[in-house]
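Okay, here's what each chain looks like letter by letter:
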Amino acid sequence: MTDLIGYLAGIALTLSFLPQVVKTYRSRRADDVSMGMLLLTLVSAMGYEVYAWRLGLIPVVVMNAIFGTLVALEIAMKFRFDRAHLGT
């Protein structure tokens, strides 16, 4: 039951960030997304990843890895799309 709660919380966290990733991908714009927020979110996800790994909290490890990947993807799109729009 505890692992199920962990997976459900991780799914909710991941799904909460997914609309931003989809919006950025579709619009090819990320100028309204804060790089500071993205970097702090990535650092937080990495910290929880290490914490969960050391405690053997597999649901947190799995879901945070997916969440961290989405955050890293958003950062990559921000770099790419912000530079693409500098000339416009």
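Refer to the structure printed above.
Residues numbered from 1 in each chain as written. Predicted model: local features only at pLDDT ≥ 70, side-chain atom pairs only at ≥ 80, totals over all residues. Heavy atoms only, no water.

Moving on, we get to the packing of helix 1 (residues 2-27) against helix 3 (residues 58-84). Closest axis-to-axis distance for the helix 1/helix 3 pair is 8 Å, and the angle between their directions is 10°. Between helix 1 and helix 3, the interaxial angle falls into the category roughly parallel. Residues belonging to the contact of helix 1 with helix 3 are distributed by class as follows: 18 nonpolar, 6 polar and 2 charged. (Axes fitted to C-alpha atoms, helices over the stretch in contact; angles between N-to-C directions. Helix = DSSP H or I, 4+ residues; strand = E, 2+ residues; numbered from the N terminus. Parallel < 35°, antiparallel > 145°, perpendicular 65-115°, else oblique. Nonpolar A, V, L, I, M, F, W, Y, C, P; charged D, E, K, R; others polar.)

As a further point, take helix 2 (residues 35-55). Its 21 residues give helix 2 an end-to-end C-alpha distance of 30 Å, which sits within 8% of 30 Å, the value for a rise of 1.5 Å per residue. For helix 2, the set of buried residues is Leu-38, Thr-41, Leu-42, Ala-45 and Ala-52. Looking down the long axis of helix 2, one finds its buried residues gathered within 100° of arc, a one-sided arrangement. Seen from the buried face of helix 2, the exposed residues on the opposite side, beyond 90 degrees, are Leu-40, Val-43, Val-50 and Arg-54. Close packing links the buried residues of helix 2 with helix 1 and helix 3. A side-chain oxygen of the first residue of helix 2 lies 3.3 Å from the backbone nitrogen of Gly-36; this N-cap is Ser-34. Just past helix 2, the residue Gly-56 takes up positive phi, approximately 70°. (Expected span 1.5 Å × (residues − 1). Buried < 20%, exposed > 50% of the residue type's maximum accessible area, 1.4 Å probe, protein only. Arc of directions from axis to C-beta. Contact = heavy atoms within 4.5 Å. Polar contact = N/O pair within 3.5 Å; in protein donor to acceptor, adjacent residues only side chain to side chain.)

Quick look at the packing of helix 2 against helix 3 now. Packing of helix 2 against helix 3 brings their axes to within 9 Å, and their N-to-C directions diverge by 155°. Considered as vectors, helix 2 and helix 3 are oriented roughly antiparallel to each other. Handedness of the crossing formed by helix 2 with helix 3: left-handed. Counted together, Met-35, Leu-38, Leu-39, Thr-41, Leu-42, Ala-45, Tyr-48, Glu-49, Ala-52 and Trp-53 of helix 2 and Val-60, Val-61, Asn-64, Ala-65, Phe-67, Gly-68, Val-71, Ala-72, Glu-74, Ile-75, Lys-78 and Phe-79 of helix 3 form the full contact between these two elements. When the residues that make up the contact of helix 2 with helix 3 are grouped by side-chain class, the tally is 16 nonpolar, 3 polar and 3 charged. (Left-handed = near helix turned anticlockwise from the far one by under 90°.)

Further remarks concern the nonpolar core. Counting residues in each nonpolar core, the largest one holds 12 residues, listed as Phe-17, Val-21, Val-33, Leu-38, Leu-42, Ala-45, Phe-67, Leu-70, Val-71, Ile-75, Met-77 and Phe-81. Taken together, the elements giving at least two residues each to this core come down to helix 1, helix 2 and helix 3. In terms of residue count, the dominant contributor to this core is helix 3 (6 residues). If sequence neighbours within four positions are ignored, Phe-81 has contacts with Thr-24, Tyr-25, Arg-28, Arg-29 and Ala-30. (Core = buried A, V, L, I, M, F, W, Y, C linked by side-chain atoms within 4.5 Å.)

Next up on the list: the pattern of salt bridges. As enumerated under the stated definition, the model contains 3 salt bridges in all. Note that Arg-29 is salt-bridged to Asp-31, the shortest N-O span being 3.3 Å. (Salt bridge = Lys/Arg side-chain N within 4 Å of Asp/Glu carboxyl O.)

Counting across every chain of the model gives 2 aromatic pairs. Between Phe-17 and Phe-67 the ring centres are 5.6 Å apart and the planes differ by 75°, which places this aromatic pair in the edge-to-face class. Residue Phe-17 is found in helix 1, and its partner Phe-67 is found in helix 3; the two are separated by 50 residues along the sequence. On the basis of relative accessibility, which here comes to 8%, the residue Phe-17 falls in the buried class. (Phe/Tyr/Trp six-rings, centres within 6.5 Å; stacked < 30°, edge-to-face > 60°.)

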